Amino acid sequence: MKKKLLVIGGGFAGFWSALSAVRQSRELKKEDELEITVINMDEYLTIRPRLYEVSLEGLRVELNKYFKPLNIKLIIGKAEIINPEKNQVTVATENGSRMLAYDYLILSSGSVLKAIDIPGIEKTFNVDTFNGAQKLEDHLKQLAGKNFNGEGAATFVIAGSGLTGLEVATVIKEKANKILADQAQKPIDFKVVLIEKAEKVGSYYSTEAQNYVIETLNAKDITVITGVTLDGFSHNGATLSNGQFIASQTVVSTVGLVASSLSSFFKGEKDKQGRLHVNEYLQLEEHNNVLAAGDVANVPVDDKGNSSIMACQFSMFLGKWAGHNAVNALFGHALKPYNYTDYVTCVDLGQQDGMLTTGWERTLLSSGIEGKTIKMEVTTKLIYPADDVQTALEDSYPEVPNVSQNAV
Ligand SMILES: Cc1cc2nc3c(=O)[nH]c(=O)nc-3n(C[C@H](O)[C@H](O)[C@H](O)COP(=O)(O)OP(=O)(O)OC[C@H]3O[C@@H](n4cnc5c(N)ncnc54)[C@H](O)[C@@H]3O)c2cc1C
C-alpha cells in the first residue's frame, strides 16, 4: 500500500512542500510508493504579499497547473479537525464531510488577520485574503460610482502600521484614482489616515529606515495618528481610543497576523502568534509524524535567538524543507536541518517609492525608485513558481539562497 503524505494548505509553504515531496520521492525512486494530497480552501496559490496592490490581476496561481502533471491530489475544502492520535483529518467539502488518513502530515495552513473585538469590525475591510481584497476593491468601485461623494467617502482609515499597513496607506489613493480613471472620472485628492497603537510608526526598523518611512508618509500627505487604537466603526466613521471620530466609509484593518487555529490540535508550546515550535527538521517534538511549515511554524534560525518571521522568504523555503524531510522520514532517510538565516524586508511605499532593509536590525539598504524596483522584482517574480512545471520541481530543492545578495 502507498504511504500517504497529507499537506494542509496550498499557500507558499504547502505548494512548495508538495513539489519538494514529489522531487524527493523521485530522487529516492519511491514515487510509486507515495500518495501526496493537498487540502486547500480554493484552487489557488494566492500571492498574499500583493493583495494591497492597485490591481488584483495575476495574484492567484492555479495549483492544478502544477499538481495535475505531478500526480498531487488537490482536495478543495476546509480541514476542520485533526486527530494526531489516529492520524486523521476531517475536511468539510462542497459534498459534505470527509475523513482523510495520513502516514505523515505537513501542517502549512498559514495565518489569518488578528481578530479585534470592537463594534463594527465586520464592516471593516482587509487585504488578508483574495476575497477580502476583492471586497475592498468592490467597495471602492461602488464609492467611485458616486464620485466618492458623501460624508467620509473620500477618506480612508488604515488601522495598524506594520508593513502591510504602510503598503495599504501609501497605495490606496492610487488604487482609488485608478478605479475613477477606469470609470472615465477625474482624480480626487483623497485623505488617508494611518493609526498606530505605538508612539511612533516603524519602530520595528533601524532608526534610518524608520526616519525614511516617517518622511515618506509625510511627503505623501498621509495623516499619522499614533498612541491610539481603533475602538469602533460605524457606516459613517471610525472612533479611536482617544475619543476622536474620523468621518470615513472605508476602514482597512492591518493589525497583524496570527497562526491558523489548526495549530491548537497539537501538543506542545506555541508562541504569542499561536505558532508551533518546531525543531531544526521542522518536526513537532510531541508528534513523530507531523511537520509544520510557513506562517504556522516558529523555527529557530540562528544561535542569537532569532526565529522565522511570518513572511514568504521563510514560508517558501520552509515548504521546500518540509516536503523533502517528510519523504525522507517516510522512507527511512536522514532529515536535512533547516539552515536559512538570511533576512530582508521589502516594503512598497507607493508610486516611485519602496524600501529594502537587511538583517535583523533592519538596516536601510535601498529606498526610492531603487527600493521600489527591488520590491517589485521580489513580489512579481521571485515569489512566483517558475511557469514551467519541471523547472518549478527542480527549484523545490531545499537549499540556502542569499536573498539580500540576490535582491541587490
Ligand atoms: C497583505 C499582505 C502582505 C504581505 N507582504 C509580504 C511581503 O511583502 N513579504 C513577505 O515575505 N511576506 C509578506 N506577507 C506574508 C506572506 O504572505 C505569508 O508569510 C505567506 O503567505 C505565508 O505562507 P503560508 O503558506 O504559510 O500561508 P498562506 O499563504 O496563508 O497559505 C495558507 C493556505 O492554507 C489554506 N488554509 C488555511 N486554513 C485551512 C484549512 N483549515 N483547510 C484547508 N486550507 C486551509 C489557505 O486558504 C491558504 O491557501 C504578506 C501578507 C499579507 C496578507
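Scroll up to find the structure.
As a starting point, this report considers the structure included with it. Owing to the predicted nature of the structure, the values given are computational and were not obtained by experimental measurement.

## Digging into the overall build of the protein chain
Phase 1 of the analysis: Helix and strand content of the protein chain: nine helices and 25 strands.
Phase 2 of the analysis: For 408 residues, the compact-globule estimate of 2.2 N^0.38 gives 22 Å, and the C-alpha radius of gyration of the protein chain, at 22 Å, lies within 12% of that figure.
Phase 3 of the analysis: The C-alpha extent of the protein chain, read off along each of the three principal axes, is 65 × 45 × 40 Å.
Phase 4 of the analysis: The burial tally for the protein chain puts 54% of its 408 residues in the buried class.
Phase 5 of the analysis: For the protein chain, the exposed area adds up to about 18,000 Å²; of that, 48% sits on carbon and sulfur atoms.
Phase 6 of the analysis: Side-chain charges of the protein chain comprise 40 positive and 49 negative groups, with the mean position of each set lying 4 Å from the other.

## Here we look at the site of the ligand
Phase 1 of the analysis: By nearness alone, 30 residues border the ligand, and Asn40, Arg48, Ala79, Asp295 and Cys312 come closest of all.
Phase 2 of the analysis: Cysteine 312 places a polar main-chain atom, nitrogen or oxygen, 2.7 Å from an oxygen atom of the ligand.
Phase 3 of the analysis: For the ligand, whose accessible area on its own is 990 Å², the fraction buried by protein is 88%.
Phase 4 of the analysis: For the shell around the ligand, the elements supplying multiple residues, two or more each, are helix H1 (12-27), strand E2 (34-40), strand E6 (78-83) and helix H6 (312-330).
Phase 5 of the analysis: When the residues that make up the shell around the ligand are grouped by side-chain class, the tally is 12 nonpolar, 13 polar and five charged.
Phase 6 of the analysis: In terms of domain composition, the shell around the ligand takes at least three residues from each of domain 1 (3-112 + 257-341) and domain 2 (115-253).

## Things to note about the nonpolar core
Phase 1 of the analysis: Judged by nonpolar contacts, the single largest core of 116 residues is most densely connected at Leu5, Leu19, Phe67, Val89, Phe148 and Tyr338.
Phase 2 of the analysis: Looking at which element gives the most residues to this core, the answer is H6, with 10 residues.
Phase 3 of the analysis: Taken domain by domain, this core gets at least three of its residues from each of domain 1 (3-112 + 257-341) and domain 2 (115-253).
Phase 4 of the analysis: The contacts of phenylalanine 148, once residues within four sequence positions are left out, are Leu140, Leu143, Ala153, Ala154, Phe156, Ala176, Leu180, Ile188 and Phe190.

## A word on the sheet that holds strand E8 (residues 96-101)
Phase 1 of the analysis: Spatially, three strands are ordered E6-E7-E8 in an open sheet, and the strand pairing comes out antiparallel. Where the open sheet ends on each side, the last strands, each with one partner, are E6 and E8. Mean inter-strand twist for the sheet, computed between neighbouring axes without regard to direction, equals 25°.
Phase 2 of the analysis: Looking at chain direction, E6 and strand E7 (residues 88-93) are connected through five bridges and run antiparallel. Its bridge partner being in E7, alanine 79 is matched across the sheet by valine 91.

## Things to note about the pairing of strand E13 (residues 222-226)
Phase 1 of the analysis: In this sheet, E13 lies alongside strand E12 (residues 191-196) in parallel orientation, the contact comprising five bridges. Across the sheet, residue valine 192 finds its bridge partner in E13, namely isoleucine 222.

## Regarding unusual backbone geometry
Note: most peptide bonds trans; most residues except glycine with negative phi.
Phase 1 of the analysis: Residue asparagine 87 is not a glycine yet carries a positive backbone phi of 60°.
Phase 2 of the analysis: Mapped onto the secondary structure, asparagine 87 falls in the loop between E6 and E7.
Phase 3 of the analysis: Phi at alanine 184 is positive, roughly 55°, even though this residue is not glycine.
Phase 4 of the analysis: With respect to the element layout, alanine 184 can be found in the loop between helix H4 (163-182) and E12.
Phase 5 of the analysis: Accessibility expressed as a relative area gives 75% for alanine 184, which makes it exposed.

## Section: H4
Phase 1 of the analysis: Its 20 residues give H4 an end-to-end C-alpha distance of 28 Å, which sits within 8% of 28 Å, the value for a rise of 1.5 Å per residue.
Phase 2 of the analysis: If you look at H4, its biggest bend is around 40°, right at valine 171.
Phase 3 of the analysis: In terms of residue burial, H4 counts as a mostly covered element, since 14 of its 20 residues are buried.
Phase 4 of the analysis: One or two residues past the end of H4 sits alanine 184, with phi positive at roughly 55°.

## Observations concerning the sheet that holds strand E24 (residues 354-358)
Phase 1 of the analysis: The strand order E23-E24-E25 describes an open sheet built from three strands, whose pairing is antiparallel. A strand with exactly one partner marks an edge of an open sheet, and here the two such strands are strand E23 (344-348) and strand E25 (363-367). Each strand axis lies, on average, 20° off the axis of its neighbour in the sheet, ignoring direction.
Phase 2 of the analysis: Strand direction decides the pairing type here: E23 and E24, joined by five bridges, are antiparallel. Residue aspartate 348 lies in a different strand from E24, and its bridge partner there is glycine 354.
Phase 3 of the analysis: Against the sheet, helix H5 (residues 207-219) makes contact with E24 and E25, and its axis sits at roughly 170° relative to E24, the strand it touches most.

Calculation rules
Residues numbered from 1 in each chain as written. Predicted model: local features only at pLDDT ≥ 70, side-chain atom pairs only at ≥ 80, totals over all residues. Heavy atoms only, no water. Helix = DSSP H or I, 4+ residues; strand = E, 2+ residues; numbered from the N terminus. Rg over C-alpha atoms; globule rule 2.2 N^0.38 Å. Buried < 20%, exposed > 50% of the residue type's maximum accessible area, 1.4 Å probe, protein only. Areas by Shrake-Rupley, 256 points an atom, 1.4 Å probe, with all protein chains shown as cover. Lys, Arg positive; Asp, Glu negative; His and termini not counted. Charge placed at Lys NZ, Arg CZ, Asp CG, Glu CD. Near = heavy atom within 4 Å. Polar contact = N/O pair within 3.5 Å; in protein donor to acceptor, adjacent residues only side chain to side chain. Nonpolar A, V, L, I, M, F, W, Y, C, P; charged D, E, K, R; others polar. Domains from an automatic or database assignment. Core = buried A, V, L, I, M, F, W, Y, C linked by side-chain atoms within 4.5 Å. Contact = heavy atoms within 4.5 Å. Pairing = 2+ DSSP bridges. Axes fitted to C-alpha atoms, helices over the stretch in contact; angles between N-to-C directions. Expected span 1.5 Å × (residues − 1). Bend = angle between axes of the 7 residues up to and from the residue.

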